[in-house]
Amino acid sequence: MTKLRITEIPDEKPVRVTVDLPADLHRDLVTYAALVSQNGQPVEPARLVPHMIRGFITSDRAFRKLRQGPRRAAVKTQPPAAPENE
């Protein structure tokens, strides 16, 4: 069997968010949950969504770069040291 990226769902305190999914995406999510469930306990498709979003965000290099940007910019915008007079 192909190795899935999500194999188990950690138990965390959730924040409720309502999202409308296209029907084809929902079918894929249900299928993915069924495949994950083959590794142990049944998994509700909705419980996969946060892990999929986290995986997407952590793999997005541009997002990481932009998120870290202001800190780097602050370091680069410091004025140069004044030259010493001899």
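About the cut-offs
- Counting from 1, residues in each chain are numbered in the order their sequence is written.
- The predicted origin of the model limits local features to residues at a pLDDT of at least 70 and limits the giving and counting of side-chain atom pairs to 80 or more, whereas totals for whole chains, interfaces and linings rest on all residues.
- Hydrogens and water molecules were not included; the side-chain quantities draw on all heavy atoms of the structure.
- Labels follow the DSSP assignment, with helices taken as runs of H or I lasting at least four residues and strands as runs of E lasting at least two, numbered in each case from the N terminus.
- Note on contacts: a residue pair qualifies if any of its non-hydrogen atoms lie within 4.5 Å across the two residues.
- In these tables, accessible area is a Shrake-Rupley quantity obtained with a 1.4 Å probe, and a residue counts as shielded only by the protein chains included in the view.
- Among buried residues, the Ala, Val, Leu, Ile, Met, Phe, Trp, Tyr and Cys ones that are joined through side-chain atoms within 4.5 Å form a nonpolar core.
- Note on exposure labels: buried denotes an accessible area under 20% of the residue type's maximum, exposed denotes more than 50%, and partly exposed covers the range between, all computed with a 1.4 Å probe on protein chains only.
- In this analysis, the expected span of each helix is defined as 1.5 Å times one less than the number of residues it contains.
- Here, the arc refers to the directions that run from the helix axis to the C-beta atoms.
- For every residue, the predictor reports its confidence as pLDDT, a number between 0 and 100.

An unreviewed UniProt entry lists the chain under the name Transposase, with Acidomonas methanolica NBRC 104435 given as the organism.

1. Things to note about the overall build of the chain
Looking only at helices and strands, the chain has three helices and zero strands in total. Listed N to C, the secondary structure of the chain is α-α-α in terms of helices and strands. For the chain, restricting intrachain contacts to residue pairs at least 6 apart in sequence, the fraction spanning at least 24 positions comes to 54%. Summing over all exposed atoms, the chain offers an accessible surface of approximately 8,200 Å²; the carbon and sulfur share of this is 56%.

2. With respect to the nonpolar core
Core analysis: the largest hydrophobic core is formed by nine residues, namely Leu 4, Ile 6, Ile 9, Leu 29, Tyr 32, Ala 33, Val 36, Val 43 and Leu 48. Each residue touching Ile 6, except ones within four places of it in the same chain, is listed here: Tyr 32, Val 36, Leu 48, His 51 and Met 52.

3. Describing the side chain of His 51
Positionally, His 51 belongs in helix H2 (residues 49-59). The exposure class assigned to His 51 is buried, which follows from its relative accessible area of 15%. Apart from the residues lying within four places of it in its own chain, the contact partners of His 51 are Ile 6, Ile 9 and Pro 10.

4. Things to note about the side chain of Ser 37
As for its position among the elements, Ser 37 is in helix H1 (residues 23-37). Once residues lying within four places of it in the same chain are set aside, the contact partners of Ser 37 are Pro 42 and Val 43.

5. Description of H1
Here H1 contains 15 residues, and its C-alpha end-to-end distance of 21 Å stays within 8% of the 21 Å for a straight helix at 1.5 Å per residue. The complete set of buried residues in H1 reads Leu 29, Tyr 32, Ala 33, Val 36 and Ser 37. Projected onto a plane normal to the axis of H1, the buried residues spread over an arc of 140° and lie on a single side. Facing away from the buried side of H1 by over 90 degrees, the exposed positions are Ala 23, Arg 27 and Asp 28.

6. A word on the confidence of the model for the chain
When pLDDT is averaged along the chain, the result is 81; 78% of the residues meet or exceed 70. When the elements of the chain are averaged for pLDDT, helix H3 (residues 61-76) gives the smallest value, 72, and H1 the largest, 95.

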